[in-house]
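Observations on chain architecture
In case you want the letters, here they are:
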Amino acid sequence: MAIRQFDYFAPDTLQDALRLLSEYKKSKVLAGGQSIIPLMKLNLVEVDHIIDLKGILGLSSIKTTRDHRGRKEISLGPLVTHSKIQNSEIIGEYCPLLSETARGIGHPLVRNRGTIGGSICHADPAADYCAALLALGARLKAQSSNAERTFGAEEFFLGPFSTALAREEILTEIIVPEISSGRIGYSIKKMSMGHGSFPLVVVSTLIKVSGSSCDNARIALAGVADKPFRVPIAENELIGKDVSLEAKESVLDAAKIVSMSCSPQPDLDASADYKRRMVEVLTRRALFESIERCG
Amino acid sequence: MRVNEVERTLEVESRDTLLDVLRDGLGLTGAKKGCDEAVCGSCAILFDNTPICSCTMFAVEASGHNITTIEGVSEKGKLSILQSKFVEHDALQCGFCTSGQIVVGTSVVSALRAQDAVPNNDLDGMISEEMSGNLCRCGCYNGIADAIKDAMKVSDED
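Residues numbered from 1 in each chain as written. Chains lettered and ligands numbered in written order. Predicted model: local features only at pLDDT ≥ 70, side-chain atom pairs only at ≥ 80, totals over all residues. Heavy atoms only, no water.

**Looking at the overall build of chain A**
Note the following rule: By definition, any uninterrupted DSSP run of H or I lasting at least four residues is a helix, any uninterrupted run of E lasting at least two residues is a strand, and each is numbered from the N terminus. As a reference, a globule follows 2.2 Å times the number of residues to the power 0.38, and the radius of gyration itself is taken over C-alpha atoms. Relative accessible area decides the class of each residue, using a 1.4 Å probe on protein chains only: under 20% of the type maximum gives buried, over 50% gives exposed, and in between gives partly exposed. Within this scheme the basic residues Lys and Arg register as positive and the acidic residues Asp and Glu register as negative, but His and the chain ends are omitted. For this purpose, a charge sits on NZ of Lys, CZ of Arg, CG of Asp or CD of Glu.
Within chain A one finds twelve helices and 14 strands. Relative to a compact globule of 295 residues, whose C-alpha radius of gyration would be 19 Å, chain A shows 19 Å and is just as compact. With respect to the principal axes defined by its C-alpha atoms, chain A has extents near 60 × 45 × 30 Å. Out of the 295 residues in chain A, the part that is buried amounts to 54%. Put simply, chain A has 36 plus and 35 minus side-chain charges, and the middle of one group is 1 Å from the middle of the other.

In structure tokens form, the structure reads like this:
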């Protein structure tokens, strides 16, 4: 199908981009285009004006910062590509969950163009980053012409292809905690119909161990509800448990709870029951891997 | 934009994809429209030396950048090392995916040569992953991988 005509802008500054976004009511921003361009070809999105963000300096950096308590964090610009995240030394050292997430997205040609900001704002409820960012407890910053807002990951994703961003807001920063110091183990497991195909189910977990017991657990899912979510009841199964001895039972119980807490939709690829069963399997594997990675 | 080392200027509609402009605007029909949705890789070109799908990009986004298509891989009609290896290792049948395979393969050969070590010593796994965006319905994957591995061993002066 031919794409509908639109006007293309390539502003140099964020302020210009925000102004254009406010001025033109059927405008959308363009990052890597790997989500929006296929949608435009299928006429699934109405766009009269495209505002290309790639000419704006400062939106594709990766750097370490400190939060208000002095803990190390990693700040990413929205235009950082999946390839750059996959290969970044900073992210590999301080937040390898993000590296592993990026590595599993699509295939190299898509990863060379697609961006973390574009992916998150597109907010496919099954997208890889959604689960990882929830597990990490990421923060997201957005700007409009006259204000800046910060969202926790859990309040950012509202529903299928729907985020808390206002129409005239642009995501400007993604902040994730450092997970390399202390005994923190991570995992991301997903199921898709083929290598690089869109995920059907994604599970991401983080486990923190002190001594020999688990003192924090985070389990996040994507693809099995209309938005990504965490499962606190399952997380509580693991907190306080001795990871060397009691962990196995707790992991199996937690995986069962997670599987029962989701309401997957059947589709052409898999039935709801199959997805639910896969959630249990992937959660189990993710938790065991996280525990092992705690060292 | 600079295409295969030559500055080109064209008037396009903003909705024209880079693939359409390369093929219809510049007559560079080496890149193919296979799936038109960034799955098959038959439209692959190098954008500032990085392999991407030209079908999922607007031509206007390429303004000011460097593009290399399959037509730019051979020099003055002489096959590149990788192209010769493709012939030698029977890495094509119908040829539809071949432009994309060679463009991405060229990039993979350079990257592998520049690296000190292959992760997990799994060269086959790495090639398989780096080429996973280039599908071949004729099933020439083994020949393609062999051509890439062989091209890696040959130095630039040969």
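**What to know about the packing of aromatic side chains**
We count it as follows: To pair, rings of Phe, Tyr and Trp, with the six-membered ring standing in for Trp, must have centres within 6.5 Å; the planes then decide the type, stacked if under 30 degrees apart, edge-to-face if over 60, and tilted in the middle. We count a charge as sitting over a ring when the NZ of a lysine or the CZ of an arginine lies within 6 Å of the ring centre and within 35 degrees of the ring normal.
Counting across every chain of the model gives four aromatic pairs over all chains. Each ring, one from Phe151 of chain A and one from Phe156 of chain A, has its centre 5.6 Å from the other, and the planes form 70°; the classification is edge-to-face. The exposure class of Phe156 of chain A is buried, given its relative accessible area of 0%. Measuring from centroid to centroid gives 5.3 Å for Phe156 of chain A and Phe157 of chain A, while their planes differ by 90°, and the two rings are edge-to-face. The pair Phe156 of chain A / Phe157 of chain A is uniform in exposure class, with both members buried. Through successive ring pairs, a cluster of aromatic residues spans Phe151, Phe156 and Phe157 of chain A. The ring of Phe47 of chain B is capped by Arg113 of chain A, whose NZ or CZ atom sits 4.9 Å from the centre of that ring. Of note, Arg293 of chain A hangs over the ring of Tyr186 of chain A, and the distance from its end group to the ring centre comes to 4.2 Å.

**Observations concerning the interface of chain A and chain B**
Note the threshold: Contacts were defined at the residue level, with two residues in contact if any of their heavy atoms lie within 4.5 Å. Summed over both partners, buried area is the accessible surface (1.4 Å probe) that two parts give up on being assembled. Every case where a carboxyl oxygen of Asp or Glu lies within 4 Å of a side-chain nitrogen of Lys or Arg is listed as a salt bridge. Residue type decides the class: Asp, Glu, Lys and Arg count as charged, Ala, Val, Leu, Ile, Met, Phe, Trp, Tyr, Cys and Pro as nonpolar, and the leftover types, Gly among them, as polar.
Tallying the contact residues gives 26 residues for chain A and 26 residues for chain B. Both sides together, the interface formed by chain A and chain B hides about 2100 Å², and carbon and sulfur atoms give 59% of it. For the pair chain A and chain B, the interface holds four salt bridges. Across the pair Glu61 of chain B and Arg113 of chain A runs a salt bridge whose closest N-O atoms are separated by 2.8 Å. If you list the elements that add at least two residues to the side of chain A that touches chain B, you get strand S1 (7-9), helix H2 (36-41) and helix H6 (108-111) of chain A. Residue classes in the side of chain A that touches chain B are distributed as twelve nonpolar, seven polar and seven charged.

**Things to note about helix H12 (residues 272-293) of chain A**
All names here are of chain A. This is how the line gets drawn: The span one expects for a helix is its residue count, reduced by one, times 1.5 Å.
A rise of 1.5 Å per residue sets the reference length of H12, with its 22 residues, at 32 Å; its end C-alpha atoms lie 31 Å apart and thus fit the reference within 8%. Considered for burial, the residues of H12 that qualify are Ala272, Lys275, Met278, Val279, Glu280, Val281, Leu282, Thr283, Ala286, Leu287, Ser290 and Ile291. Each element contacted by the buried residues of H12 is listed here: strand S11 (183-192), strand S12 (199-210), strand S13 (213-222), helix H10 (232-238) and helix H11 (247-261). A positive backbone phi angle near 80° is found at Gly295, which sits one or two residues after H12.

**A word on the nonpolar core**
What counts, and what does not: Put simply, a nonpolar core is a bunch of buried Ala, Val, Leu, Ile, Met, Phe, Trp, Tyr and Cys residues held in one set by side-chain atoms that sit within 4.5 Å of each other.
In this structure, Met1, Leu18, Leu22, Ile45, Ile67, Leu82 and Ile148 of chain B are the most contacted members of the largest nonpolar core, which totals 45 residues. Going through the elements one at a time, H6 of chain A together with helix H1 (18-25), strand S3 (44-47), strand S4 (50-53), helix H2 (81-88), helix H3 (98-114), helix H4 (123-130) and helix H5 (141-153) of chain B are the ones with two or more residues in this core. Top contributing element to this core by residue count: H3 of chain B, with six residues. By size, the runner-up hydrophobic cluster in this structure holds 44 residues, among which are Ala131, Ala138, Leu140 and Val176 of chain A.

**Observations regarding the side chain of Glu235 of chain A**
Among the structural elements, Glu235 of chain A can be located in helix H10. On the accessibility criterion, Glu235 of chain A (3% relative accessible area) is buried.

**Overview of the environment of Ile90 of chain A**
Residue and element names in this part refer to chain A. Structurally, Ile90 can be placed in helix H4 (residues 89-94). Sequence-wise, Ile90 and Leu53 are 37 residues apart; in three dimensions their C-alpha atoms are separated by 24 Å. Not counting chain neighbours up to four residues away, the residues in contact with Ile90 comprise Ile62, Lys63, Thr64, Ile74 and Cys95.

**Description of the sheet that holds S13 of chain A**
All names here are of chain A. The cut-off we apply is this: Pairing between strands requires that DSSP locate at least two bridges from one strand to the other.
A sheet is described by the order of its strands in space; here four strands give the open sequence S11-S12-S13-S14, paired in antiparallel fashion. What marks the edges here is a single partner per strand, and that holds for S11 and strand S14 (229-230). With two bridges joining them, S13 and S14 adopt antiparallel strand pairing. Across the sheet, Leu221 pairs through a bridge with Phe229, a residue of S14.

**Quick look at the pairing of strand S5 (residues 72-76) of chain A**
Residues and elements named next belong to chain A. Counting buried positions over the five residues of S5 gives five, a clear majority of the element. Covered by surrounding structure in S5 are Lys72, Ile74 and Leu76 together with Glu73 and Ser75, the residues of both alternating faces. Pairing of strand S4 (residues 62-66) with S5 involves five bridges; the strand directions are antiparallel. Each bridged residue has a counterpart across the sheet, and for Lys63 the counterpart in S5 is Ser75. Here S4 folds back onto S5, and the loop between the two strands holds five residues, one of which, Gly70, carries a positive phi near 80°.

**Looking at the environment of Ile45 of chain B**
All names here are of chain B. Mapping Ile45 onto the fold places it in strand S3. Overall, the relative accessible area of 0% leaves Ile45 in the buried class. Taking the C-alpha atoms as reference points, Ile45 and Cys55, ten residues apart in sequence, are found 9.8 Å from one another. If near-sequence neighbours (up to four positions away) are discounted, Ile45 is found in contact with Leu18, Leu22, Ala31, Thr50, Pro51, Ile52, Ser54, Ile67, Thr68, Thr69 and Val103.

Don't take any of this as a statement about function, it's just geometry.
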